[in-house]
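One-letter residues, chain by chain:
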Amino acid sequence: MLTILFDGLAYGMLLFVLAVGLSVTMGLMNVVNLAHGAFAMFGGYVTALLVGRAGVPFLATLPLAFVAAAVAGGVAERLVFRPLYQRPHLDQVLASIGLVYVAMAATSWLVGPQPQLIALPQWLQGRMMLGEVGIGRYRLFVIVVCLGLAALLHLGLVRSRFGHRLRAAVDDPRAARGLGIDPGPILAATFAVGSGLAGLGGALGLELMGVDPAYPLRLMALFLMVVAVGGTEGLAGPLMAALLIGVADTAGKYYLPALGGVTIYLVMIAALVLRPQGLAGRRA
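Since this is a predicted model, take the numbers as computed values, not measurements.

Turning to the UniProt feature "transmembrane region" (unreviewed entry) in the protein chain, a few remarks are in order. As annotated by UniProt and renumbered to match this structure, "transmembrane region" (unreviewed entry) occupies residues 6-24, 31-52, 58-81, 93-111, 138-158, 219-248 and 254-274. Annotated as 100% helix and 0% strand, the span residues 58-81 places its first and last C-alpha atoms 32 Å apart. Taken end to end, residues 138-158 is 100% helix and 0% strand, and its two terminal C-alpha atoms sit 30 Å from one another.

In structure tokens form, the structure reads like this:
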């Protein structure tokens, strides 16, 4: 039981890193970016190709995956999303879905349709025993890294001057300009960091989820579930939602294999019925 709980927590922490960028762009920037999974796929491919074909150490590829996905996100923000900031959400949805299919087709053409796998370093393989509980080394590594990222995000978005400027730029761009705050670079930097986090999540999740050209569509529902169940008012809601979904999915597949992946959808429905405003949202 404790081993299943630990594996579920690792999966949930990974989902949080993958989906938190989408939560930020939807909650703070009011942008519906369904292409978020494409940046996660990009980061996963950066790590897979560098480790598998260039022999770069796994740890060294993680910051490279973040930077590569952040740069790709910055380019997409400037060329695709910035002209859509003041457009209806339906336009943003259609444009981002189009971007997903372009990314999938380009990936399949450049790299091939086969899934990418990597060999983890020896020190991340296997399990270690704490009493009678078997803990996967790689999953423990994922939890530690994701907890550190969650703490950094909290400091950056809630406690920092940049976070205050971001909220001002989103809430009232005209007033923000009057105070000397240029919303453009702030929104671009936020979008790029969110995309970079998705890329880092895609790199970290290679062992658990793999990566292939269909990755963005395969995980789109999970991203949206984390945002819908957790809400978009902060970081606490998506974190709780990701952990809930991760544990429910892992436990459901172990204890109720006949239901398979249906368990997380049942959990999502129950959470939305009980807390339609999000797990950490305030009632109207």
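Text resumes after the structure shown.
What follows is about the side chain of Asn33. Take Asn33: it is sitting in the loop between helix H1 (2-27) and helix H2 (36-52). Look at Asn33 and you get buried, because its relative accessible area is 1%.

Across its 20 residues, helix H11 (residues 236-255) extends 28 Å between first and last C-alpha, which sits within 8% of the 28 Å expected from 1.5 Å per residue. Listed in full, the buried residues belonging to H11 are Gly237, Pro238, Ala241, Ala242, Ile245, Gly246, Ala248, Asp249 and Gly252. For H11, the elements touching its buried residues are H1, helix H10 (215-230) and helix H12 (262-274).

The tally for this structure, following the rule as stated, stands at 6 salt bridges. The shortest N-O distance in the salt bridge between Arg82 and Glu77 comes to 3.1 Å. Residue classification places Glu77 among the buried positions, given a relative accessible area of 1%. The salt bridge partner of Lys253 is Asp249, with a shortest N-O separation of 3.4 Å. Of this pair, Lys253 and Asp249 are both found in helix H11, 4 residues apart, which corresponds to roughly one turn of the helix. On the basis of relative accessible area, Lys253 is assigned to the partly exposed category, the value being 47%. The class of Asp249 is buried, set by a relative accessible area of 5%. What emerges from the salt-bridge pattern is a single network uniting Asp7, Arg127 and Arg139.

Let us now look at H2. Within an α-helix, residues lying three or four positions from one another point in the same direction, as the helix has 3.6 residues per turn. For H2, built from 17 residues, the straight-helix expectation of 24 Å at 1.5 Å per residue is met to within 8% by its first-to-last C-alpha distance of 25 Å. Counting buried positions over the 17 residues of H2 gives 13, a clear majority of the element.

So, on to the side chain of Thr263. Tracing the sequence through the fold places Thr263 in helix H12. Excluding residues that lie within four positions of it along the chain, Thr263 makes contacts with Ala248 and Gly252.

Ranked by internal contacts, the top residues of the largest apolar core, which has 73 residues, are Leu15, Phe58, Met209, Tyr215 and Leu222. Examining the composition of this core, we find that 13 residues originate from one element, H1, more than from any other. When near neighbours in sequence (up to four residues on either side) are disregarded, Phe58 contacts Thr47, Val51, Ile118, Leu120, Pro121, Leu124, Tyr138, Phe141 and Ala203. By size, the runner-up hydrophobic cluster in this structure holds 6 residues, among which are Leu34, Ala35, Val100 and Met220.

Okay, the packing of aromatic side chains next. Within the structure shown, the criterion is met by 6 aromatic pairs. Taking the centre distance of 5.9 Å and the plane angle of 90° together, the rings of Trp123 and Phe141 count as edge-to-face. Here Trp123 is found in the loop between helix H4 (89-110) and strand S1 (127-130), whereas its partner Phe141 is found in helix H5 (residues 137-159), with 18 residues between them in sequence. Here Phe141 falls in the buried class, since its relative accessible area comes to 15%. Through a chain of ring-to-ring contacts, the aromatic side chains of Phe58, Trp123, Tyr138 and Phe141 assemble into a single cluster.

Quick notes on the rules
Residues numbered from 1 in each chain as written. Predicted model: local features only at pLDDT ≥ 70, side-chain atom pairs only at ≥ 80, totals over all residues. Heavy atoms only, no water. UniProt positions renumbered as here; feature names shortened; annotations may be inferred. Helix = DSSP H or I, 4+ residues; strand = E, 2+ residues; numbered from the N terminus. Buried < 20%, exposed > 50% of the residue type's maximum accessible area, 1.4 Å probe, protein only. Expected span 1.5 Å × (residues − 1). Contact = heavy atoms within 4.5 Å. Salt bridge = Lys/Arg side-chain N within 4 Å of Asp/Glu carboxyl O. Core = buried A, V, L, I, M, F, W, Y, C linked by side-chain atoms within 4.5 Å. Phe/Tyr/Trp six-rings, centres within 6.5 Å; stacked < 30°, edge-to-face > 60°.

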